[in-house]
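Observations on the model geometry
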Amino acid sequence: MMREDGVVEAHGVAHDLSAGDLDHAAWEDARPVGIARLWSGEDAPPARHAESRLLWTADALLVRFVCRQEEPLIVNAAPEVHRKTIGLWDRDVCELFVAPHAHAPQRYFEFEVAPTGEWLDLALEKTAGGRVTDWDYSSGMTVAARAGEGQLTLAMRVPFAALGRKPARNDVWRANLYRCVGAGWSRYLAWLPTYTPEPNFHVPEKFGRLKFT
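Below is a summary of the structure that appears in this document. (Residues numbered from 1 in each chain as written. Predicted model: local features only at pLDDT ≥ 70, side-chain atom pairs only at ≥ 80, totals over all residues. Heavy atoms only, no water.)

**With respect to the overall build of the chain**
- Summing up its helical and strand segments, the chain has zero helices and 14 strands in all.
- Shown N-terminal to C-terminal, the secondary structure of the chain runs as helices and strands in the order β-β-β-β-β-β-β-β-β-β-β-β-β-β.
- At 16 Å, the chain has a C-alpha radius of gyration in line with the 17 Å of a compact globule built from 213 residues.
- Dimensions of the chain, computed from the C-alpha atoms along their principal axes, are close to 45 × 40 × 35 Å.
- Here the chain holds 213 residues, and the buried ones make up 53% of them.
- Within the chain, counting contacts between residues at least 6 apart in sequence, those at least 24 apart form 64% of the total.
- Summed over its atoms, the accessible surface of the chain is roughly 9,500 Å², and 50% of this surface lies on carbon and sulfur atoms. (Helix = DSSP H or I, 4+ residues; strand = E, 2+ residues; numbered from the N terminus. Rg over C-alpha atoms; globule rule 2.2 N^0.38 Å. Buried < 20%, exposed > 50% of the residue type's maximum accessible area, 1.4 Å probe, protein only. Contact = heavy atoms within 4.5 Å. Areas by Shrake-Rupley, 256 points an atom, 1.4 Å probe, with all protein chains shown as cover.)

**Observations concerning the pairing of strand E4 (residues 50–56)**
- Of all seven residues that make up E4, seven are buried, and the element is covered over most of its length.
- Of the two faces of E4, the one carrying Ala-50, Ser-52, Leu-54 and Trp-56 and the one carrying Glu-51, Arg-53 and Leu-55 are both buried.
- As paired strands, strand E1 (residues 7–12) and E4 are joined by three bridges and run parallel to one another. Considered in E4, the bridge of Ala-10 is made with Leu-54.
- Both strand E2 (residues 33–35) and E4 contribute to a ladder of three bridges, which runs antiparallel. Bridging across to E4, Ile-35 finds its partner in Ala-50.
- Pairing of E4 with strand E5 (residues 60–68), which is carried by seven bridges, proceeds in the antiparallel orientation. Along E5, the bridge assignment pairs Trp-56 with Leu-61. (Pairing = 2+ DSSP bridges.)

**Regarding the pairing of E1**
- The pairing of E1 with strand E14 (residues 208–212) spans four bridges and is parallel. Residue pairing in the sheet places Val-8 in a bridge with Leu-210 of E14.

**Considering the pattern of salt bridges**
- As enumerated under the stated definition, the model contains nine salt bridges in all.
- Among the ionic pairs, Arg-146 bridges to Asp-23, the shortest N-O distance being 2.8 Å. Highlighted residues: Arg-146 in strand E10 (residues 142–148) and Asp-23 in the loop between E1 and E2, separated in sequence by 123 residues.
- A relative accessible area of 36% places Arg-146 in the partly exposed class.
- The exposed category is assigned to Asp-23, whose relative accessible area is 58%. (Salt bridge = Lys/Arg side-chain N within 4 Å of Asp/Glu carboxyl O.)

These values are about where atoms sit, not about what they do.
Spelled out as structure tokens, the structure:
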């Protein structure tokens, strides 16, 4: 059953998993959330919808995106997968924004994965004077990508060591999930819309609740 109440659950797994475990049975135990609206709150075209599920182990948070893909991919012609790709958000990607301290969502992390296997990790803080970005942040995240007929599956594994803390069962963090696909303003999809005048995912006050179960 798809959840739409502003809560996404990360299902606990007793053993570690890799980003490449795209078909592991544990994913079926995680409740999906839909990425089906534009950042503005309008319904997104169904052909661009996606769903996301989250798992957690003793060492890492894992996110899998299963996306409808009925149009040509917008990706780098010469991808570089051995280092982060700045500007990855200008192409097709799926994204996790996560704040480990629920009382301080203005300090958060951004993780992206592209169909090419490219990735991006950033540490950010939203302040009264603007947004501060640590471009040199290194999380040790790993990713996986698989394209099929009309479907794209992307996943990421983020070590808790890079997030500054490990959760306990029933802990609540803050998070949002996004997809960028195609071109134009209609390319910006969100689990929870940010409702900004122009597309903007960096709105931590609109993050939902990430509950570890």
